[in-house]
Amino acid sequence: MELLILGRGKTGSLVAEIARQRRQKVRLAGAADNAGGAALTPEKLRDVDIVIDFTTPHCVIGNIEACVRAGKNMVVGTTGWYAQLDRIKELVRAHETGFLYAPNFSIGVNLFLEIARSAAASLKYNYSGQIFERHYAQKKDAPSGTAIAIQKIMHQASGTPEPLEITSFREGEVVGMHEVVLESPADRIYLCHDAKSRLGFAEGAVRAAEWLIGKKGFYDFKDVWREL
Ligand SMILES: NC(=O)c1ccc[n+]([C@@H]2O[C@H](COP(=O)([O-])OP(=O)(O)OC[C@H]3O[C@@H](n4cnc5c(N)ncnc54)[C@H](OP(=O)(O)O)[C@@H]3O)[C@@H](O)[C@H]2O)c1
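Everything quoted here is computed from the prediction, not taken from an experiment.

J.: How should I be thinking about the overall build of the protein in this particular structure?
T.: Along the protein, the regular secondary structure elements total 8 helices and 10 strands. For a compact globule of 228 residues, the expected C-alpha radius of gyration is about 17 Å, and the protein comes in at 18 Å, within 12% of that figure. Taken along its principal axes, the extent of the C-alpha atoms in the protein is 65 × 40 × 30 Å. Looking at the protein as a whole, 49% of its 228 residues qualify as buried. For the protein, the proportion of contacts with a sequence separation of at least 24, taken over those separated by at least 6, is 69%. The centroid of the 29 positive side-chain charges in the protein is displaced by 4 Å from the centroid of its 27 negative side-chain charges.

Structure (structure tokens):
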């Protein structure tokens, strides 16, 4: 499998390292290599099987459009673009490519989403709740895509009129911490996921790319991670 990884930052570099360990052929393109979409011309993409994107909310839509229009399958880890999800879904359908995205590629967080879904039952029993998320100071989007996923899952599962409030903290080098606090007049329930490193994200993204090879359709990692 030949992978093109967009983004030479904290996560993209680790994704490249893990993919090489798994004996995949890897090319990396950062901002300078991809100015004006230079890394995504049909010629540059010719031998690429899958493109993996860990870049910025600012450029990810342009990257997605170029890759999908070139008929390339894509795994997208970049967050902060989900207001355009429906439009991208249509684009992927129209071009009959394979596309897989996730606000969080770690297995631990995807298990945590299931725990949050079960815990949402408390909101029907006199509990109120809040979501807190902490990330490194330079993170560009807030709230995090993972916090929004927790909020959406708990809102759907509880059927309450309003989603839970999210409070974001940006500080130091925090890789990613998500907390759900549920409170009743009698007690509190605390749920917390704390990423120790970016390894879980990188391994999940590479496994997702291996899974997506030769597939068509639009996939959310939370629906497929058990198959990897
Ligand atoms: N889904 C998940 O599991 C998961 C996990 C971690 C992070 N993320 C998300 O992934 C994204 C990246 O996070 P990060 O922590 O790796 O950030 P980061 O360290 O700031 O890296 C972003 C990289 O994107 C590169 N870039 C900017 N514009 C580009 C373009 N047009 N083409 C190619 N590369 C470009 C930058 O390159 P230069 O260095 O050359 O400027 C930078 O190295 C964020 O949206 C974050 O929320 C998702």
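J.: Whenever I open this one, the site of the ligand confuses me. Can you help?
T.: Around the ligand there are 24 residues in total, and Lys 10, Thr 11, Thr 79, Phe 105 and Lys 139 lie nearest to it. Phe 105 has a polar backbone atom sitting 2.8 Å from an oxygen atom of the ligand. For the ligand, an oxygen atom lies 2.9 Å from a polar atom in the side chain of Tyr 136. Taken together, the residues of the shell around the ligand sort by class into 9 nonpolar, 11 polar and 4 charged.

J.: Help me understand helix α4 (residues 85-95), please; the structure alone is not making it clear to me.
T.: In an α-helix, one full turn covers 3.6 residues, which means residues spaced three or four apart are oriented alike. Of all the positions in α4, only Leu 85, Ile 88, Leu 91 and Val 92 are classed as buried. The arc enclosing the buried residues of α4, seen along the axis, measures out at 120°, which places them on a common side. The exposed set on the far side of α4, more than 90 degrees from its buried face, consists of Asp 86, Arg 93 and Ala 94.

J.: Looking at this structure, I do not really get the packing of helix α5 (residues 107-119) against helix α6 (residues 145-158). What am I missing?
T.: In helix packing, the relevant descriptors are the interaxial angle and the interaxial distance, both defined with respect to the helix axes. It is at 8 Å that the axes of α5 and α6 come closest, and there the two elements cross at 30°. The angle between α5 and α6 places the two elements in the roughly parallel class. As α5 runs across α6, the sense of the crossing is right-handed. Counted together, Val 109, Phe 112, Leu 113, Ala 116, Arg 117 and Ala 119 of α5 and Thr 146, Ala 149, Ile 150, Ile 153, Met 154 and Ala 157 of α6 form the full contact between these two elements. Taken together, the residues of the contact of α5 with α6 break down into 10 nonpolar, 1 polar and 1 charged.

J.: I tried to follow the sheet that holds strand β5 (residues 98-101) on my own but got confused; where do I start?
T.: The strands that make up a sheet pair up through hydrogen bonds in the backbone, lying either parallel or antiparallel. Here we have 6 strands laid out as an open sheet, ordered β2-β1-β3-β4-β5-β10, and parallel in their pairing. The strands lining the two open edges of the sheet, one partner per strand, are β2 (25-29) and β10 (217-220). Across this sheet, the average inter-strand angle for adjacent strands is 15°, counted without regard to direction. Taken together, the 5 bridges between strand β1 (residues 2-6) and β2 define a ladder with parallel strand orientation. Each bridged residue has a counterpart across the sheet, and for Glu 2 the counterpart in β2 is Lys 25. The sheet contacts of α4 involve β5 and β10, and relative to β10 the element is tilted by about 140°. Against the sheet, helix α7 (residues 199-212) touches β1, β3 (50-53), β4 (73-76), β5 and β10, its axis set at about 160° to β4.

Rules used in this analysis
Residues numbered from 1 in each chain as written. Predicted model: local features only at pLDDT ≥ 70, side-chain atom pairs only at ≥ 80, totals over all residues. Heavy atoms only, no water. Helix = DSSP H or I, 4+ residues; strand = E, 2+ residues; numbered from the N terminus. Rg over C-alpha atoms; globule rule 2.2 N^0.38 Å. Buried < 20%, exposed > 50% of the residue type's maximum accessible area, 1.4 Å probe, protein only. Contact = heavy atoms within 4.5 Å. Lys, Arg positive; Asp, Glu negative; His and termini not counted. Charge placed at Lys NZ, Arg CZ, Asp CG, Glu CD. Near = heavy atom within 4 Å. Polar contact = N/O pair within 3.5 Å; in protein donor to acceptor, adjacent residues only side chain to side chain. Nonpolar A, V, L, I, M, F, W, Y, C, P; charged D, E, K, R; others polar. Arc of directions from axis to C-beta. Axes fitted to C-alpha atoms, helices over the stretch in contact; angles between N-to-C directions. Parallel < 35°, antiparallel > 145°, perpendicular 65-115°, else oblique. Left-handed = near helix turned anticlockwise from the far one by under 90°. Pairing = 2+ DSSP bridges.

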